[in-house]
Amino acid sequence: MASAKADKILDVYKELSKNPILTSAEITPTVKRGIKVESVWLQRNLERRKKQKFIRDFSFDSELELLAESFPSDITSEVSKISSNDDTIKAILRDVTADGKSKQFIEIWDKKHLIKSYDLSAFDVHGDVYSEPTFSAFQLSPDNKRLLYVAEKKLKKSEPFYKQKSKHKNKKCEEEEPTRGAEYVFKPEWGEQLVGKHRSVVVILDINEDTIVSLDSIPDDYFPGQVIWAPNGVDIVGVAYKLYPRYLGLKFCTNRESYIFHLKDNIFRKLTAQSDSCRSPRFSPDGNYLVWLERTISTAHHHVQRLMYLKWNTLETPVVLIDTVQDVMIISKNKKFHGLYNQSLTKRCWSDDSKYVFFSTPQRSTIKSYMIDLDTKLITEIDNPNGASLSILDVNKNHISFAKFTPIQPSQLVIGKFDPHGPDVGKLLMKNCTNPLTDINKYNLMYENVEFMYDNNDTVKDFNFTYLGKQQSEKSMPLIAIAHGGPHSVFSNEFNLSHAVFASLGFGVLLINYRGSTGLGGNSIEYILGRVGESDVLDCVTAINTAMKKYPWLDPQRVSLCGGSHGGFINAHLSGQYPEMFKAVVIRNPVIDLAAMFTITDIPDWCPGETGNSAIATLPETSSPSEYTELLKKLLNHSPILHADKVKAPTLIALGSNDLRVPPSQGKLWYYRISANNVPAKVYVYDDNHSLSKDEVEIDFVINTVLWISEHGG
């Protein structure tokens, strides 16, 4: 019976996983005001247990009528690539296996052939080139003669105190004398999903001279990244993270001290203030303006942001284009805008005349796209009548590529044409370029975003949730309630394969954006601080009860929970605080004991911050331990572990053995505690990090989740 059930789940998973994921779409002008779009997609290859990367090219005329499209071409070995501004050459960073070893090569191509190839290990100037968006850069200079990128700094070689050596030393060995006994010296790194990032270096590859040089003019107490050429093609602008003895985790954390910097004549200058965290510097096409994202550093690990700009030629004081929004502001056409929450700006985000900046950001339950007029500071939403999420991928010559998606529609490529002189700048000529490969409509699914407002005296009263499932059902339907992680994250009408599988198999799925989620205004983010395990738990219970009334086919006797990280924290709380309400629970890398997590996570400041306390950077004096003791008490009081003895629902726990954010000891603690009370429980430990995103992990987790919930009454 279980085997037949697993096969049914697998069949649905295999069908839905055929839909590739759109990751980028670069626009290039062609003749007669046409364009070519080079789109990059990821496709799950279940047989190879990995995702393959491929490109599809589309050609359009001036009215966005499709002229031609190419056959998909595999580019899995490509790590990064960039085309020159004049589209005459292209640089590609490639990971390949050569001589039995993994190596990185940089290739320079024109439209006819491979011009040059550089084996970076042969130059031995630096370590691996960074490709993770937090730090990475890969940009050709305006004259196409140099390539700018960021890599791991080359470390001095080390060796054991005892190592047998030849008595005949050559000159090279004398020049590279390693440090003895330094093999095991600890080197700080940036934590979860940024392992191995110890020290960065800005690098310039001179294509004419075939030289690779790392720059040494950035102070040692800064970690540079996201570098770009200044308009003169000589100066460099980038982001510099301030270094301290302990690197706090940076993935998904926008509250780390960082600066926009300017490197001119080997002189390093910071352009932003110490109290801010900055990223995504972007120059206008005419070179007159620089924009970037910025937020004030605070305890919340992600928060509403500002969009800043600077007149480059005068280097005056930076100006706020879009300020932080605490609740809502009214923009063009009397529409509501709740602030900026995007992790970055697209590499090209300007109109051709350098008067508009384009961006996408979560808003309530959806990702919306906007433009802002640099002169008037007027924000205009890009029209998108059907309510799908619309996320900008590239902007070039007033053409915009988008990814468009919903919970029941995988990401699709859309092209838009912007007319800055038209009567309605927010109304673009839009064309859909692709369609889903599998017919999800046959499952009769729907989704609906629901807003909820408490009738009480809370300073923040509203949150929202999304229902995903059958449009209606004559028989009762089990419900899976899912709270996102973060807590400063959001469900934003994205297609999630796991959620789509659950819904296609006959479950109702409830995606809950509790107070504290992004996209709802800065006040909502602040509201949850000091209330974790309380307001977020209440919002989830309220969402479930509201959904039961709104969708009468849902069965209140068959409600299960699923969620990871802070979502796992909420689910553990729910199963302990409301033990009679849930039939089964599935949690991924859950936060269980905040006091214990405080000492082992890569973001220790998260624990006191979310519980409404200030982080303790160093332990207090031994003669006055009360501050530390009181902090640990407060952390424990917000922790699910206090409710473990009340749990009744059978619980499946999925853990990543390499998780640095919420180490697996947290989930194991929950397992040991509820198992001691004879609550059915099972743990899966995967060779993965906090995300549990490896392909072989995803498929195993999805199938086991459905089997577990089905077995225990869901």
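Relevant structure appears above.
Residues numbered from 1 in each chain as written. Predicted model: local features only at pLDDT ≥ 70, side-chain atom pairs only at ≥ 80, totals over all residues. Heavy atoms only, no water.

Sorry if this is basic, but what is going on with the overall build of the protein chain here?
Scanning the protein chain for helices and strands turns up 12 helices and 40 strands. Rg of the C-alpha trace for the protein chain: 26 Å, near the compact-globule value of 27 Å for 714 residues, within the 12% margin. The principal-axis extents of the C-alpha atoms in the protein chain amount to approximately 70 × 70 × 55 Å. For the protein chain, buried positions account for 56% of its 714 residues. Pairs at least 24 residues apart make up 60% of the contacts formed inside the protein chain by residues separated by at least 6 positions. Positive and negative side-chain charges in the protein chain, numbering 84 and 87 respectively, have mean positions lying 2 Å apart. (Helix = DSSP H or I, 4+ residues; strand = E, 2+ residues; numbered from the N terminus. Rg over C-alpha atoms; globule rule 2.2 N^0.38 Å. Buried < 20%, exposed > 50% of the residue type's maximum accessible area, 1.4 Å probe, protein only. Contact = heavy atoms within 4.5 Å. Lys, Arg positive; Asp, Glu negative; His and termini not counted. Charge placed at Lys NZ, Arg CZ, Asp CG, Glu CD.)

Please clarify how the pairing of strand E21 (residues 289–296) should be interpreted in this entry.
Here is the key point about a regular strand: its side chains alternate between the two faces of the sheet. Counting buried residues along E21, 7 of its 8 residues qualify, which places the element largely inside the surrounding structure. The pairing of strand E20 (residues 276–283) with E21 spans 6 bridges and is antiparallel. Bridge pairing in E21 places Asp276 opposite Thr296. Hairpin geometry of E20 and E21 is characterised by an intervening segment of 5 residues between the two adjacent antiparallel strands and by a positive phi of about 80° at Gly287. In this structure, E21 lies alongside strand E22 (residues 306–311), joined through 6 bridges in antiparallel fashion. Pairing of Tyr289 across the sheet is with Lys311, part of E22. (Pairing = 2+ DSSP bridges.)

Would you mind showing me how to read the nonpolar core here?
Most often, soluble globular proteins have nonpolar side chains that are buried together. Leu510, Ile544, Leu554 and Trp670 are the most contacted members of the largest nonpolar core, which totals 62 residues. For this core, the domains that each give at least three residues are domain 1 (126–157 + 186–324) and domain 2 (440–593 + 639–713). (Core = buried A, V, L, I, M, F, W, Y, C linked by side-chain atoms within 4.5 Å. Domains from an automatic or database assignment.)

I keep staring at unusual backbone geometry and nothing clicks. Help me out?
Leaving glycine aside, a negative phi is the common case for residues, and trans is the common case for peptide bonds. Look at the link from Gly486 to Pro487: it is a cis peptide, with omega at 5°. Within the fold, Pro487 resides in the loop between strand E35 (477–483) and helix H4 (497–504). At Ser280, a position not held by glycine, the phi torsion is positive, near 60°. On the secondary structure map, Ser280 appears in strand E20.

Would you explain the side chain of Ser62 in this entry?
Mapped onto the fold, Ser62 is located in the loop between strand E3 (50–60) and strand E4 (66–69). The contact partners of Ser62, leaving out residues within four places of it in the chain, are Lys32, Arg33, Gly34 and Lys417.

How should I be thinking about the pattern of salt bridges in this particular structure?
Tallying each qualifying case throughout the model produces 40 salt bridges. The closest approach of N and O atoms between Asp124 and Lys154, which form a salt bridge, is 3.1 Å. Of this pair, Asp124 sits in the loop between helix H2 (120–123) and strand E10 (138–140) while Lys154 sits in the loop between strand E11 (146–152) and strand E12 (158–159), and the two are 30 residues apart along the sequence. You can call Asp124 partly exposed: its relative accessible area is 33%. Close ionic contact of Asp687 with Lys694 constitutes a salt bridge, the shortest N to O distance being 3.9 Å. Among the residues examined, Asp687 registers a relative accessible area of 51% and is labelled exposed. (Salt bridge = Lys/Arg side-chain N within 4 Å of Asp/Glu carboxyl O.)

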